[in-house]
Amino acid sequence: TGNLYIPDGGDIQGGGNAARLNKVLAGSNEIDATYVFEPAVVLNPLNTFLPYFRSFRFLESGQAIAVVNRDVPPEALAIIIDAGGLEGLTAADQLAIFNIVFQAETAFWCEIDVEALTVTPIAGIPAIRPLTGSSGSFESNGEVYIPAVTSTEGAYYKWNPTTNEV
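Quick caveat, the model's predicted, so the values are computed rather than measured. (Residues numbered from 1 in each chain as written. Predicted model: local features only at pLDDT ≥ 70, side-chain atom pairs only at ≥ 80, totals over all residues. Heavy atoms only, no water.)

A.B. asks: How do you make sense of the confidence of the model for the chain when you look at a structure like this?
C.D. replies: Low pLDDT marks regions whose predicted coordinates should not be analysed in detail. For the chain, the mean per-residue pLDDT works out to 90, and 95% of the residues sit at or above 70. By mean pLDDT, helix α3 (residues 91–103) is the weakest element of the chain at 89, and strand β6 (residues 118–121) is the strongest at 97. (pLDDT = per-residue confidence, 0-100. Helix = DSSP H or I, 4+ residues; strand = E, 2+ residues; numbered from the N terminus.)

Given below as structure tokens:
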């Protein structure tokens, strides 16, 4: 029927290996090597430490959504700069950065266009932690209920993918 899209988590240890979406063309059993789509890199090309996304899914409308990490917290960036770049990070540096990133609200629920290779944050839903929190979005009557757990709230936001209203 249609193409198959398979998320690859990349390197959540801060190695810079971006999470990507792989495509298997309809009628094939192999990953299409010409398809390169790294949603976090598309959203922010400067996010080289944790270019990560999760909770990827297609909606009934054919659109796709995912939580995409956009930013590197300034505290983590300072450690990377002090180390002279990613290559200079010690194990202690990596652990410190991981702890910072684990708590930082730097990721956004985004609409993902797998054909146009675009990533668009859904306006009206707050930033969340990239590695934790609920990932169980669901659909009812053409609307998508999206969880957003922040340091100040835990809520579901109702998003209409047709009108783009939250």
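A.B. asks: Before we go on, may I ask you to explain the pairing of β6 in this structure?
C.D. replies: Within a regular beta strand, the side chains point alternately toward one face of the sheet and then the other, so they alternate between its two faces. As judged from the four bridges shared by strand β5 (residues 107–113) and β6, these two strands associate in the antiparallel manner. Within β6, the residue paired with Asp113 across the bridge is Thr118. Connecting the antiparallel pair β5 and β6 is a turn made up of four residues, with Leu117 showing a positive phi of about 60°. (Pairing = 2+ DSSP bridges.)

A.B. asks: I'm lost on the sheet that holds strand β8 (residues 143–149) in this one. Help?
C.D. replies: What links the strands of a sheet is backbone hydrogen bonding, and the strands pair in either a parallel or an antiparallel sense. Across the sheet, which stays open at both edges, the three strands sit in the order β7-β8-β9 with antiparallel pairing between neighbours. The sheet is open, and its two borders are formed by β7 (138–140) and β9 (154–159), each paired with just one other strand. Taking each pair of neighbouring strands and ignoring which way they run, the sheet shows an average axis angle of 30°. With six bridges connecting them, β8 and β9 associate as antiparallel partners. If you follow Ile146 over to β9, its bridge partner there is Tyr157. (Axes fitted to C-alpha atoms, helices over the stretch in contact; angles between N-to-C directions.)

A.B. asks: Explanation requested: the environment of Leu89 in the structure shown.
C.D. replies: By secondary structure assignment, the location of Leu89 is in the loop between α2 (74–82) and α3. Separated by 17 residues in the primary sequence, Leu89 and Val72 place their C-alpha atoms 15 Å from one another. Not counting the four nearest positions on each side in its chain, Leu89 is found in contact with Phe49, Ile79, Ile80, Ala83, Gln94 and Ile97. (Contact = heavy atoms within 4.5 Å.)

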